[in-house]
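# Examination of the molecular architecture
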Amino acid sequence: MRKHLLFLGILLSISALTGCNQDSSSSPSSFSSESSVIDSNSSTDSSSESSSVSEGSGSSSSSESSVTLVEHSITINKSKIPGLGAYPTTETSISFDGYAFKYIYAGNFDGGDNIQAKSALFYLYNSDQLGIITSIVLTLRETHASHSMFGGTSANPTTNAITPSVNGSVYTYGFGNTYSYFRLFNDLGVMYITSIVINFVTGGTPSSSSSSSSSSSSSSSSSSSSQSSSSSESSSTSYNSGEYGYNHVDPNYSGTYYSSISDALRGSTLLVTLDDLLDSDSAPSGTFSYNGSSNGLQTVFPYTDADPANPTSGKILSFYSGTPSVWSSMNREHTWPDSRGGFYVEDDPHVIRPTLTSENSARGNDFYNAAPTSWDPASFNNAKYRGIAARIIFYAAVKGQENGLNLVDLTNDSTGNKSMGKLSTLLAWNLQYGIDATEVLRNDTLVSRYGHNRNPFIDDRNYACKIWGNTNASTQSICGM
């Protein structure tokens with residue numbers, strides 16, 4: 001059974017018990033990142049995935065709503081994290097009961113059975129989906145109010161704070177059957193953690209014991225700022241065209257922001273409707289300026305593009321390579337080149353990105369496309385920027401449509417046409433490269449800190465094919481239309 005149907009079944013069951021409906025999350029993919037064009041004939045979902053939930057070959061609501069919820073509990077304590085003799089200074093991967101987690105600055109120097117969390121530097125989050133989290137019980141050596149727990153629908157959430165009930169040094173966080181991910185952060189002062197118990201539910205039989213830890217290994221993890229080859233940056237999401245009429249991927253966002261956007265909208269009608277939504281929710285005039293002193297984008301980047309491996313270092317990730325750097329070595333990259341009309345959207349931090357000076361000048365004002373016909377956002381050996389760049393260009397095309405910005409399926413075009421491309425390649429990259437954690441962080445930060453609108457193509461990649469999929473035979477093939 002396709003995973004998005006499995007989780008829909010889970011959430012329908014939860015809805016029946018609690019009255020709370022949630023969207024599903026993404027499922028595994030077999031995309032190859034070596035090709036810049038996706039073959040729609042070979043990319044449909046498998047008809048069955050590993051699952052112990054009994055279901056027929058159909059996808060009727062009756063079979064989905066009968067999924068049995070299975071309760072799980074994961075306990076994290078000192079004995080399950082090896083190598084706590086020194087603080088790890090880079091984000092480190094570890095697994096608990098077969099699920100992947102990441103943490104930083106966790107040690108043990110008090111001689112007791114506690115995890116010692118360093119002030120303002122320690123965090124722990126799950127990078128694998130945990131079904132639906134029902135509660136997290138945090139037991140400390142002593143009370144420590146200066147810590148935060150966040151819930152979210154993708155890894156490493158930082159915006160949806162959860163208030164605990166407190167009984168002495170035990171903090172119980174009720175997740176309200178809403179989130180699949182958590183992030184624990186130590187805000188101030190050293191915190192001594194005796195245990196963290198994560199309670200969650202999934203559908204079917206658990207794939208591993210919920211009462212004992214799997215063999216855990218701690219290794220240095222490449223953060224989102226590290227460079228990676230194209231072969232390791234393929235999408236983690238499968239898609240299906242049969243029941244949607246296009247290559248559907250599960251949305252990354254499950255809130256109500258887009259509730260006014262009809263699922264039936266397509267083409268220019270959807271483009272204009274999204275533009276109206278974003279215009280109505282943009283940050284107040286004057287919030288951002290391309291190079292102003294007090295509101296310049298250089299004042300925004302330390303929050304939207306901070307190095308996640310060292311969030312207090314003051315370093316910013318360079319777009320294209322992910323290299324951490326100080327602002328004095330960087331400048332502002334018009335992802336939609338200024339000479340091609342990008343000045344219409346150059347005050348928008350969704351479009352302008354911090355880039356090392358050398359990387360900025362290497363691109364010029366070329367279209368995005370596979371080299372050598374144009375310029376590849378993966379030119380600095382970090383292929384995930386293909387997908388990230390595509391979703392920025394889609395956003396700019398929506399926000400700048402009133403000023404004539406448009407997408408073309410060409411490798412070059414007159415600058416006077418205010419165009420960008422190559423459209424078919426951008427559509428393929430959008431499907432091929434999954435949503436990156438840095439994209440989610442930017443979206444959420446621009447909303448929570450500045451009251452700015454979201455980038456719809458990060459929240460729901462399907463919008464791209466819905467708007468531009470029917471442009472020509474190539475885009476139709478890529479989008480499975």
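Residues numbered from 1 in each chain as written. Predicted model: local features only at pLDDT ≥ 70, side-chain atom pairs only at ≥ 80, totals over all residues. Heavy atoms only, no water.

On to the overall build of the chain, then. Secondary structure summary: the chain contains 11 helices and 20 strands in total. The buried share of the chain, taken over its 481 residues, is 54%. Put simply, of all contacts in the chain between residues at least 6 apart along the chain, 75% involve residues at least 24 apart. When the accessible surface of the chain is summed, it comes to about 18,700 Å², and 47% of that surface belongs to carbon and sulfur atoms. (Helix = DSSP H or I, 4+ residues; strand = E, 2+ residues; numbered from the N terminus. Buried < 20%, exposed > 50% of the residue type's maximum accessible area, 1.4 Å probe, protein only. Contact = heavy atoms within 4.5 Å. Areas by Shrake-Rupley, 256 points an atom, 1.4 Å probe, with all protein chains shown as cover.)

A few words now on the pattern of salt bridges. Per the counting criterion, the structure on display carries 10 salt bridges. A salt bridge links Glu 333 to Arg 363; the nearest nitrogen and oxygen atoms lie 3.2 Å apart. One end of the pair, Glu 333, is in strand S17 (residues 330-334); the other, Arg 363, is in helix H5 (residues 357-363), and 30 residues separate them in sequence. Arg 363 sits in the buried class, given a relative accessible area of 1%. The network of salt bridges with shared partners includes Asp 305, Arg 353 and Arg 442. (Salt bridge = Lys/Arg side-chain N within 4 Å of Asp/Glu carboxyl O.)

Moving on, we come to the state of the cysteines. In total, this model carries one disulfide according to the counting rule given. Across the disulfide, Cys 465 is cross-linked to Cys 479 (sulfur-sulfur distance 2.0 Å). Torsion about the S-S bond of the Cys 465 and Cys 479 cystine: about -80°, corresponding to left-handed handedness. Of this pair, Cys 465 sits in helix H10 (residues 462-468) while Cys 479 sits in the segment after helix H11 (473-478), and the two are 14 residues apart along the sequence. The class of Cys 479 is buried, set by a relative accessible area of 0%. (Disulfide = S-S within 2.5 Å.)

We now examine the confidence of the model for the chain. Mean pLDDT over the chain: 80, with 78% of residues reaching 70 or higher. Per-element confidence in the chain ranges from a low mean pLDDT of 30 for strand S14 (residues 219-220) to a high of 98 for strand S19 (residues 406-407). Throughout residues 1-67 the model reports pLDDT below 50, and contacts reaching past four residues in sequence, or to other chains, amount to 136 contacts. Segment residues 204-236: pLDDT under 50, and 99 contacts once partners within four positions in sequence are set aside and those in other chains are kept. (pLDDT = per-residue confidence, 0-100.)

The end-to-end C-alpha separation of helix H8 (residues 437-448) is 16 Å, in line with the 16 Å expected for 12 residues at 1.5 Å each. Regarding H8, the residues found buried are Thr 438, Glu 439, Val 440, Arg 442, Asn 443, Asp 444, Thr 445 and Leu 446. On its buried face, H8 is in contact with helix H4 (301-304), strand S15 (316-317), strand S18 (352-356), helix H6 (384-399) and helix H9 (456-459). (Expected span 1.5 Å × (residues − 1).)

Time to look at the packing of helix H3 (residues 267-281) against H6. Two elements in contact, H3 and H6, have axes separated by 8 Å at closest approach and are oriented at 85°. For the element pair H3 / H6, the angle class is roughly perpendicular. Contact residues: Leu 271, Leu 274, Asp 275, Leu 278 and Asp 279 in H3; Tyr 395, Val 398 and Lys 399 in H6. (Axes fitted to C-alpha atoms, helices over the stretch in contact; angles between N-to-C directions. Parallel < 35°, antiparallel > 145°, perpendicular 65-115°, else oblique.)

We now examine the side chain of Asn 156. Take Asn 156: it is sitting in the loop between strand S8 (147-152) and strand S9 (160-161). Look past the residues within four positions of Asn 156 in its chain and what remains in contact with it is Tyr 125, Asn 126 and Arg 183.

A large share of S17 lies buried, amounting to four of its five residues. Bridging between S17 and S18 involves five bridges; their strand directions are antiparallel. Across the sheet, His 334 pairs through a bridge with Ile 352, a residue of S18. (Pairing = 2+ DSSP bridges.)

To continue, consider the packing of H6 against helix H7 (residues 423-432). Where H6 contacts H7, the two axes come as close as 8 Å, and the packing angle between them is 120°. One way to sum up the angle between H6 and H7 is to call them oblique. Once H6 is placed against H7, the crossing between them reads as left-handed. Facing H6, whose interface residues are Arg 386, Gly 387, Ala 390, Arg 391, Ile 393 and Phe 394, H7 presents Leu 423, Leu 426, Leu 427, Trp 429 and Asn 430. Classifying every residue of the contact of H6 with H7 gives seven nonpolar, two polar and two charged. (Left-handed = near helix turned anticlockwise from the far one by under 90°. Nonpolar A, V, L, I, M, F, W, Y, C, P; charged D, E, K, R; others polar.)

Okay, the packing of aromatic side chains next. Given two aromatic rings, one states the distance between the centres and the angle between the planes to describe the pair. Enumeration over the complete set of coordinates arrives at 22 aromatic pairs. Taking the centre distance of 5.5 Å and the plane angle of 90° together, the rings of Tyr 99 and Phe 200 count as edge-to-face. Taken together, the residues span a long stretch of sequence, with Tyr 99 in strand S3 (residues 99-104) and Phe 200 in strand S13 (residues 191-203) at a distance of 101 residues. An angle of 35° between the planes, with centres 4.4 Å apart, marks the rings of Phe 343 and Tyr 344 as tilted. Since its relative accessible area comes to 42%, Phe 343 is described here as partly exposed. Cluster of aromatic residues (ring-pair linked, three or more members): Tyr 253, Tyr 257, Tyr 258, Phe 394, Phe 457, Tyr 463 and Trp 468. (Phe/Tyr/Trp six-rings, centres within 6.5 Å; stacked < 30°, edge-to-face > 60°.)

Now for unusual backbone geometry. Following Ala 371, the chain continues into Pro 372 via a peptide bond in cis, with omega recorded as 5°. As for its placement among the helices and strands, Pro 372 is situated in the loop between H5 and H6. A cis amide bond links Gly 421 with the next residue in sequence, Lys 422, at an omega value of 0°. Residues other than glycine seldom take positive phi values, yet Tyr 105 does so here, at roughly 55°. Relative to the helices and strands, Tyr 105 is located in the loop between S3 and strand S4 (106-107). A positive phi is found at Asn 156, a non-glycine position, where the angle reads about 60°.

On to the environment of Ser 95, then. Position of Ser 95 relative to the elements: it lies in strand S2 (residues 92-96). Taking the relative accessible area as the measure of exposure, Ser 95 reaches 18% and is therefore buried. Along the sequence, Ser 95 and Lys 80 sit 15 residues apart, while their C-alpha atoms lie 9.1 Å from each other.

Attention shifts here to the nonpolar core. Membership of the largest hydrophobic core comes to 61 residues, with the highest contact counts inside it found for Leu 274, Tyr 368, Phe 394, Leu 407, Phe 457 and Trp 468. Of all the elements in the fold, those that place two or more residues in this core are H3, S18, H6, H7 and H10. Looking at this core element by element, the count peaks at 11 residues for H6. In this structure, Leu 407 is in contact with Trp 336, Ile 393, Phe 394, Ala 397, Met 420, Leu 423 and Trp 468, ignoring residues within four places of it in sequence. Core analysis: the next-biggest nonpolar cluster, separate from the first, contains 39 residues, Ile 94, Ile 136, Tyr 171 and Ile 198 among them. (Core = buried A, V, L, I, M, F, W, Y, C linked by side-chain atoms within 4.5 Å.)

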